[in-house]
Every structure is written in structure tokens, then in C-alpha cells.
Amino acid sequence: APLASSSNALLAGSSNVRLPISDAPITGLNALLASSNTLLPVSGALLAGSNRLLTSSNTPKSAAEALKDDGWKEAMLKELSGIHDKLHLRKAQPGDRPLTSTWNFKTKDDGTKKARCCLRGFTQTAGVDYFNTSAPVISRETTRAITAICTVQERLKEVQYDFKNAYCNADMDVKMTMRIPAGYYEHITKTNPITREELKAYVLEVNGALYGGKQSGALWHGHVRNWLTENHFTQLPNEPCVFLKNNSSEYTIFLLYVDDIKGYTTDENACDELLKNSKMDHKKVTSNTFVGLSYRTHENGATIDQRKYTEDLIRKYGQQDCKPTDTPMAYEPAQQDEIDYDCDYNGIVGALQYLSTGTRPDISLAVNKLAQHLKAYGKEHWVAAMKVIKYLNTTRDYALQINKTKDIQIEAYVDASFGNEYDRRSRTGYLILVNGCPVAWESKKQSVIALSSAEAEYIALAACLQQVMWLKTLLKQLFGIEKQITIKIDNQPAKRVAENIDGSRMTRHIGIKYH
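As the structure is a prediction and not an experimental result, all values here were calculated from the model.

Scoring rules and cut-offs
- Residues numbered from 1 in each chain as written.
- Predicted model: local features only at pLDDT ≥ 70, side-chain atom pairs only at ≥ 80, totals over all residues.
- Heavy atoms only, no water.
- Pairing = 2+ DSSP bridges.
- Helix = DSSP H or I, 4+ residues; strand = E, 2+ residues; numbered from the N terminus.
- Core = buried A, V, L, I, M, F, W, Y, C linked by side-chain atoms within 4.5 Å.
- Buried < 20%, exposed > 50% of the residue type's maximum accessible area, 1.4 Å probe, protein only.
- Contact = heavy atoms within 4.5 Å.
- Polar contact = N/O pair within 3.5 Å; in protein donor to acceptor, adjacent residues only side chain to side chain.
- Phe/Tyr/Trp six-rings, centres within 6.5 Å; stacked < 30°, edge-to-face > 60°.
- Lys NZ or Arg CZ within 6 Å of the ring centre and 35° of its normal.
- Axes fitted to C-alpha atoms, helices over the stretch in contact; angles between N-to-C directions.
- Parallel < 35°, antiparallel > 145°, perpendicular 65-115°, else oblique.
- Left-handed = near helix turned anticlockwise from the far one by under 90°.
- Nonpolar A, V, L, I, M, F, W, Y, C, P; charged D, E, K, R; others polar.

Taken in spatial order, the six strands line up as β8-β9-β10-β11-β5-β12 in an open sheet, and their pairing is antiparallel. Of all strands in the sheet, those bounded by a partner on one side alone are β8 (234-235) and β12 (282-284). One ladder, built from three bridges, connects strand β5 (residues 157-163) with β12; its direction is antiparallel. Residue pairing across strands places Phe163 opposite His282, the latter belonging to β12.

On to the nonpolar core, then. Counting 108 residues, the largest nonpolar core has Ile146, Trp227, Ile253, Phe254, Ile432 and Leu478 as its most contacted members. In terms of residue count, helix α12 (residues 453-479) provides more of this core than any other element does, 12 residues in total. Contact partners of Ile432, with chain neighbours within four places excluded, come to Ile410, Glu411, Ala412, Cys437, Pro438, Val439, Ala440, Cys464, Gln467, Val468 and Leu471. Listed in part, the 27 residues of the second largest apolar core include Leu352, Val367, Leu370 and Trp382.

So, about unusual backbone geometry. Negative phi is the rule for most residues except glycine; trans is the rule for most peptide bonds. Within the chain, His232 stands out as a residue other than glycine whose phi angle is a positive 70°. Its location among the elements puts His232 in the loop between α6 (216-230) and β8. Backbone geometry at Arg424 places phi at a positive 70°, although glycine is not the residue there. Summarising the element assignment, Arg424 is placed in the loop between β17 (410-417) and β18 (427-434).

Before going further, it helps to spend a moment on the side chain of Glu250. Mapped onto the fold, Glu250 is located in the loop between β9 (242-246) and β10 (251-257). Overall, the relative accessible area of 8% leaves Glu250 in the buried class. A polar contact of 2.6 Å, which involves the side chain of Glu250, links it to the side chain of Thr252.

All right, on to the side chain of Ser101 then. Within the element layout of this structure, Ser101 appears in strand β3 (residues 101-107). Other than its neighbours up to four places away in sequence, Ser101 contacts Cys117, Cys118, Leu119, Arg120, Met178 and Pro181.

Among the eight residues of β18, eight are classified as buried, and the element is accordingly described as predominantly covered. Of the two faces of β18, the one holding Arg427, Gly429, Leu431 and Leu433 and the one holding Thr428, Tyr430, Ile432 and Val434 are both buried throughout. When β17 meets β18, the two strands line up antiparallel, connected through eight bridges. Opposite Ser417, over in β18, you have Arg427 as the bridge partner. For β18 and strand β19 (residues 437-445), the ladder comprises eight bridges, and the chain directions are antiparallel. Within β19, the position partnered with Tyr430 by the bridge is Glu442. In sequence, β18 turns back onto β19 through a hairpin of two residues, with Asn435 there showing a positive phi of about 50°.

With that out of the way, let us pick up the packing of aromatic side chains. For the structure on display, the rule yields 11 aromatic pairs. Ring centres of Tyr257 and Phe290 lie 6.0 Å apart, and the angle between their planes is 70°; on these two criteria the pair is classed as edge-to-face. Here the residue Tyr257 occupies a position in strand β10, and Phe290 occupies one in strand β13 (residues 289-290), the gap between them amounting to 33 residues. You can call Phe290 buried: its relative accessible area is 2%. With a centroid separation of 5.9 Å and an interplanar angle of 70°, the aromatic rings of Tyr317 and Trp382 are classed as edge-to-face. Of this pair, Tyr317 sits in the loop between α8 (307-316) and α9 (345-356) while Trp382 sits in helix α11 (residues 379-394), placing them 65 residues apart in sequence. Accessibility expressed as a relative area gives 14% for Tyr317, which makes it buried. Its guanidinium or amino end placed over the ring of Tyr211, Arg116 lies 3.9 Å from that ring's centre, counting from NZ or CZ.

Next up on the list: the environment of Asp305. Structurally, the position occupied by Asp305 is in strand β15 (residues 301-305). Residues Asp305 and Arg360 lie 55 residues apart in sequence; the distance between their C-alpha atoms is 8.4 Å.

What follows is about the packing of α8 against α11. For the pair α8 and α11, interaxial distance at closest approach is 10 Å and the crossing angle is 130°. Of the possible angle classes, the one that applies to α8 and α11 is oblique. Crossing of α8 over α11 shows left-handed handedness. On the side of α8, the interface is formed by Thr310, Leu313 and Ile314, while α11 contributes Ile389, Leu392 and Asn393. Taken together, the residues that form the contact of α8 with α11 break down as four nonpolar, two polar and no charged.

Moving on, we get to α8. In terms of burial, α8 is a largely internal element, seven of the 10 residues being buried. Within the sequence span of α8, burial applies to Arg307, Lys308, Tyr309, Thr310, Asp312, Leu313 and Ile314. Looking at the buried positions of α8, the neighbouring elements they touch are β15, α9 and α11. Positive backbone phi, at 65°, marks Gly318, one or two positions downstream of α8.

Right, here's the structure in full:
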């Protein structure tokens, strides 16, 4: 079956189903994305872990190799100096269970060499070396929504801070020792005349939450929470990484993402003073990047993009000079295929998913389709993935557009296809915009088989409503606004069921989850 190429069906996934936006002040693909030829590169974009596309060929593969290079050796000694106060050197004692450590190396975009000493958390024992490991992370939906509202408010100034060796600011919650890491001898001999043989009888007491420890993220988040609440900030009940300070002299919102804090405030000097008095090593940054997304303001509002990440992805798969293509999908791959093509299929799908959930709702359907074949893919699936890359090359200048408005404007659209998937399930598609900027979207197969188009639309409406309720709560908690949000849907029976106008044996079987 041919796939949807209509811009109105990008999320719903059916060429004969259109999102109900024909009478709205937005049309087609331009409703989702605003094209800009003046986008700056994504400075310092989040390209870490599985999302790091390009690795420098001169990055050492081991600590022994790094110690042979003066530049990397200096980076290692700098790291050990930063965590020196959290490590106590003492002789090993009976009963010690020292953990091992490892080194991670990375060359930053500006050429700076970064070395990180990490605990091997997988060697920790539950109930002995760690207890609570739960550490919340701010979602991209929350970041986009708050940014879409705050960026265009003239009274709010944007600030951002980066903590150095952030985790180490938190104290370790259990007694823990660590074996002497590589490079520590070169570090300690500056102040302590000790031989390598003597050092073998020593261990390090770990007094701070080192990177790699299973509980380190939770300890750091708790440390920041306590610090902010002591300074009259309130943690939002539904958003543990969002903190608000609202009094007669100052209005400040802080968003916490690992070791970065992004804020919007009426008093920038007060924020600078707060960080200065925190006694945590930090720097104020002017980077537009947060949570892997690049933000930039202009005369008519602001934009959000992942330009550098997109270009890295295109370059990695050699599609810089490909022919232009206007759609991310051309056909639907076969549902069952043997794995007969040696390629990094899972890697490319993961990279595309990182984009589709960040700033590219227009590829959500295509990526979701590709993700259904991670365990059984063939050459045609790889070709389909390459078509998405070619589409990204054609549309690399696309960005989410935030419009400058007097009042907060929120629009919500939802649609569903009916039984058009190979397993007869329907597909949900919804889009929520704040000040013209998409902040939440989804293109996903429904978990149950709908018996009618009305039922499919009603299930999709329930999914969209969950996001709308979250957004209403966020508006009330941050800005004290109770705003009525209208969800636009093009199915009258589903609308009547939602409004409790109509109910019969045709709908009484629908699960309580959707009611």
C-alpha cells in the first residue's frame, strides 16, 4: 500500500485521512516547520552516547594510550584535580571492597580535550554500594513548551549555567572505596612523594558522587533540589526538573538537565549572585543549546532546531550531494523479511528517532514505520531509511518556529487512520502547538484493534487529551493561567462520545483507559 505523502497525513499515516486544519491559520507542512536559511550551527549540540555520530580518530582507546600524549595527559590531571577533594587516599584495610574505575575521552567541538574518570557502576552491589538510583530528567516536551512561552516575553531574560564536575558536588551516601585509577600517580606525586610500589597498597575513599556510580545522578539531583529550595525555589509537583521562584521582586524559572541549568528570569543579577554563592564550580554560558536542541531568538519570535546533528547524520551516511526529495517516505517495506543486509540499521533508526522526537515531527511516521523492523530488516528497509536521510538533506534548514504573540495561543489537532496497519490496528496522530510552535506530537500504532473509525478516533483523542491536561497543569503551576484548550477533531461520532452526548452498545466495550 502506498504511504501517505500528503503533509496533512504526516502524523496520522493515511493518505485518505487529513488533519482538520483546513480552516485554521496554518496549512500543510509549513504548519509543522518553519524554513529558515539563516540558521546558525548547533553550537555544542548533545551528541553523546549512542547519539554521538562522529568520533575523532585521535581519541585514545585506553588510559595507557592517553598518558603517552601530553594533551590527553593534561586533561586527565585536570580531571583528577577537579575531584581531588572528594577522594581520600589511605592504606587498604581488611573488609575493603574497592571498585574499579575507567576513563572516558572526548574531543569537544572547539577542539578541547576532555577526560572523565568514572566508576564502573556495574560492579556495585545493590543494598551495599547503592540504594536509590532514580534520577528524573526533564522532557523535551516540557522544555519546548516553557521555551515557546518564555522566549517571546520581553520581561524575561534567558540565562544558562554549566556546572563543572557536577555530580561531585553531592556527597556519597554509602561508604565506598575505589582502586587507584590510571594517572593518579602522576597527579599525587606533585604533593606527596610516594613510589608506584607503595601506592599499590593504597585505596581511595570515595566521598563524592563520581560519574558512573549508579546512585550518582540521584544524589546530584537531590543536592540541587535542596540547594534551590533553601533559596526559596519551589519544585513543580509534576515536573521534578522545573523550579519556580515567584515573589514581589523576582520571577525565575529554572530547568535542570544533568549538569546544565537553563532559566528565564526578571532579575539576571539575582541569578548570577545565587550561583556565585552556591560554592559550586560553574560557568555562565552563552550557548543556545539545551537538551540537545538549539534555541535562537529573532525579531519575530524564536526558532528551535537540530541543524548540526542533522548535518552530522547526513555526512556520516554520505548523502551530502544526493538528489532532493520532498517526502520522507516513498513506499512501505514488506512486513516480514530475512536479515540479508549487513548494515547498522538499528543505529540509523535510533539516530532518526532522536531527531523525530526533538525538532522534526515531519519524519515521525517514517521513523515509527522503520522502527517496526529492528529485528527483521532487509535491504529495502535500509533504502527506506536512506530516503529519510535524503529528505533531511533537502530540508536541513527546517526549524520549529515560535511566534511572538501578546497572549499565549494553544492549538491541538488529533486524527486517526482506521485499520490500515498490517495487523489491522489503527494509528494515532496528534499535534499540539504553543504560540505556533509544535511542543508535543506523536504518530503511533494503537495498542488495541478498533472496531470502527469512530472508536479509532476516540482512542486517538484520549491520547491527545493526556498531553493537553499536562499542558494545562504546567500553565497553571508556572504562570497561574487556567486556559481552555480546544482539541480539533474531524469525527463527529467520536466527538459526541467524548461529550457524553451519545452512548450505546457500540461504544460501551471501549476500555476505561480511554474514558
